[in-house]
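Residues per chain are reported as follows:
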Amino acid sequence: MKLETTRFGDIDILEKQIIGFPDGLYGFEKEDSFTLLPFDPNIDSPMEWMQSMSSPHLAFVVTDPHLYVPKYKLKLLGEDKKKVELEEDEPFLVRCIVTIPENYTDMTANLVAPVVINAQKGIAKQFVLTGMEYDTRHYLLPEEMRTSAAAPH
Amino acid sequence: MLVLTRKIGESIKINEDVKITVIDVKGKNIRLGIEAPRETKIYREEVFLRIKEENQNAATSHQFDMTKVSQLMKDKIKK
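Residues numbered from 1 in each chain as written. Chains lettered and ligands numbered in written order. Predicted model: local features only at pLDDT ≥ 70, side-chain atom pairs only at ≥ 80, totals over all residues. Heavy atoms only, no water.

J.: How would you explain the packing of aromatic side chains if you had to name every residue and give the values?
T.: Aromatic rings considered in pairs are described by the distance between their centres and by the relative angle of their planes. Evaluated as defined, the whole model comprises 10 aromatic pairs over all chains. Ring centres 5.5 Å apart and planes at 25 degrees place the aromatic pair Phe39(A) and Trp49(A) in the stacked group. With Phe39(A) in the loop between strand E4 (33-38) and strand E5 (47-52) and Trp49(A) in strand E5, this pair connects stretches of sequence that are 10 residues apart. Assessed through its relative accessible area of 2%, Phe39(A) is described here as buried. With a centroid separation of 4.9 Å and 75 degrees between ring planes, the pair formed by Tyr43(B) and Phe48(B) is classed as edge-to-face. Feature note: the residues Phe8(A), Phe39(A), Trp49(A) and Phe64(B) constitute an aromatic cluster, connected by ring pairs. Over the ring of Phe127(A) we find Lys125(A), and its NZ or CZ is 5.7 Å from the ring centre. One Lys or Arg, Arg146(A), reaches over the ring of Tyr139(A) and ends 3.6 Å from the middle of that ring. (Phe/Tyr/Trp six-rings, centres within 6.5 Å; stacked < 30°, edge-to-face > 60°. Helix = DSSP H or I, 4+ residues; strand = E, 2+ residues; numbered from the N terminus. Buried < 20%, exposed > 50% of the residue type's maximum accessible area, 1.4 Å probe, protein only. Lys NZ or Arg CZ within 6 Å of the ring centre and 35° of its normal.)

Below, the structure written as structure tokens:
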């Protein structure tokens, strides 16, 4: 099917690439379906786009938190799994939403509210982790790679 | 909204298995102790507001060079 997007123009996607978000996202409760797109078709990237199916302008940069935060732990309880129709030992994808400010070296990932995707069934939900160990604005790059963090001369 | 008055050390129970106790009151701060089954999710309400804000920030990301961003992330992962 054809999908209209602001960033990439009209693109073709398959029905099975559509991911349903019955609850939407926090602040975007009516956005009930997205699809994952390559960040840039010409390069290999650890990032992806999560493009809204209904709002052409709405696309989030997402990334797998396990790549950057090796200790990242997401414990899904039985009732959480039910919300995305996961069987007990079924694998799932985790994507955190990335915010890219004007100075992109300061980009952050929201580790508190990961998106859990049941890729088999095409259903997903943004969960909110309890506890205090993660931040909604976790810097993806260490200080020495952030140009804004450099000491002024 | 149901409103109840409690003293320090007193509790309220919600259903059979959730108990909230007033531990201490200091000025405007009230310390609460919560006993609940492990699977009960307990949040500070502000967390939802922060997540909403952060989703909105993410949706209005600035224009950026995807190649540079990807390269930085790959460099970081290699470390």
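J.: Which residues make up the domain arrangement of chain B, and what are the values?
T.: With domains assigned, chain B is organised as domain 1 (1-37) and domain 2 (43-79). The C-alpha-based centres of domain 1 of chain B and domain 2 of chain B are spaced at 37 Å. (Domains from an automatic or database assignment.)

J.: Mind laying out unusual backbone geometry, listing which residues take part and the relevant values?
T.: Even without being glycine, Glu85(A) reaches a positive phi, approximately 55 degrees. Counting through the fold element by element, Glu85(A) comes out in the loop between helix H1 (78-83) and strand E7 (93-99). One non-glycine residue, Asn15(B), lies in positive phi territory at about 55 degrees. On the secondary structure map, Asn15(B) appears in the loop between strand E1 (11-14) and strand E2 (18-26).

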